[in-house]
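The lines below spell out each chain.
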Amino acid sequence: MSERQPRTLRISKPEDRAGWVVELDGHDIARSLIGLDLRVDSEPMARVTLDILAEELPGEIGQVHAYLPDATKELLVRLGWTPPAEEAS
């Protein structure tokens, strides 16, 4: 499996507009988000889980690692999903 490249995430609350700005590698994806979970623990880097409405993504944002919690993976497998080959082992 290839090594994951870190992504740049910037979250801000501009005073001149309603709502938040959530930029992933320079692309504002705030309108595409249902939720966001930020974990800062013993890992060397913070971990962010983004809940996204895929049909709302703005244009091309490049390669993104999609993280599925184990419980979600297990449910999807029970519903007939086959995980990618590198995750099946």
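Residues numbered from 1 in each chain as written. Predicted model: local features only at pLDDT ≥ 70, side-chain atom pairs only at ≥ 80, totals over all residues. Heavy atoms only, no water.

**Q** Quick one: what's the story with the overall build of the protein, residue by residue and with numbers?
**A** Counting its regular elements, the protein contains two helices and five strands. N-terminal to C-terminal, the α/β element order of the protein is β-β-β-β-β-α-α. When burial is assessed residue by residue, the protein has 10% of its 89 residues classed as buried. Taking the contacts inside the protein whose residues are at least 6 apart along the sequence as the reference set, 22% of them involve residues at least 24 apart. Of the roughly 7,500 Å² of accessible surface on the protein, 52% is carried by carbon and sulfur atoms. (Helix = DSSP H or I, 4+ residues; strand = E, 2+ residues; numbered from the N terminus. Buried < 20%, exposed > 50% of the residue type's maximum accessible area, 1.4 Å probe, protein only. Contact = heavy atoms within 4.5 Å. Areas by Shrake-Rupley, 256 points an atom, 1.4 Å probe, with all protein chains shown as cover.)

**Q** Report on the pattern of salt bridges, specifying residues and quantitative values.
**A** Counting across every chain of the model gives three salt bridges. Two residues, aspartate 28 and arginine 17, come together in a salt bridge whose shortest N-O distance is 3.6 Å. Highlighted residues: aspartate 28 in strand S3 (residues 27-28) and arginine 17 in the loop between strand S1 (9-12) and strand S2 (21-24), separated in sequence by eleven residues. The exposure class of arginine 17 is partly exposed, given its relative accessible area of 40%. Across the pair arginine 39 and aspartate 41 runs a salt bridge whose closest N-O atoms are separated by 3.2 Å. Under the relative-accessibility criterion, aspartate 41 is labelled partly exposed at 38%. (Salt bridge = Lys/Arg side-chain N within 4 Å of Asp/Glu carboxyl O.)

**Q** Account for the sheet that holds S3, naming residues and giving values.
**A** The three strands lie next to each other as S1-S2-S3, forming an open sheet whose pairing is antiparallel. Looking at which strands have only one partner, the edges of the open sheet turn out to be S1 and S3. Summarising the sheet, S1 and S2 pair through four bridges and their orientation is antiparallel. Each bridged residue has a counterpart across the sheet, and for leucine 9 the counterpart in S2 is leucine 24. (Pairing = 2+ DSSP bridges.)

**Q** Can you explain the side chain of serine 12? Please cite residues and give values.
**A** For serine 12, the location among the structural elements is in strand S1. Within the local environment of serine 12, its side chain forms a polar contact with the side chain of arginine 10, the two groups lying 3.3 Å apart. Leaving out residues up to four positions away in the same chain, serine 12 has contacts with Trp20 and Val21. (Polar contact = N/O pair within 3.5 Å; in protein donor to acceptor, adjacent residues only side chain to side chain.)

**Q** Account for the environment of leucine 38, with residues named and values stated.
**A** The residue leucine 38 is located in strand S4 (residues 33-39) in this model. A sequence separation of eleven residues divides leucine 38 from threonine 49, and the C-alpha atoms of the two residues are 6.6 Å apart.

**Q** Lay out the pairing of S2 with the relevant residues and their values.
**A** Pairing geometry for S2 and S3, over two bridges, is antiparallel. Each bridged residue has a counterpart across the sheet, and for glutamate 23 the counterpart in S3 is aspartate 28.

**Q** Tell me what's going on with the environment of leucine 76, and back it up with residues and numbers.
**A** Mapping leucine 76 onto the fold places it in helix H1 (residues 70-78). Every residue in contact with leucine 76, bar those within four places of it in the chain, is listed here: Leu68 and Trp81.

Purely geometric stuff here, so don't read any function into it on its own.
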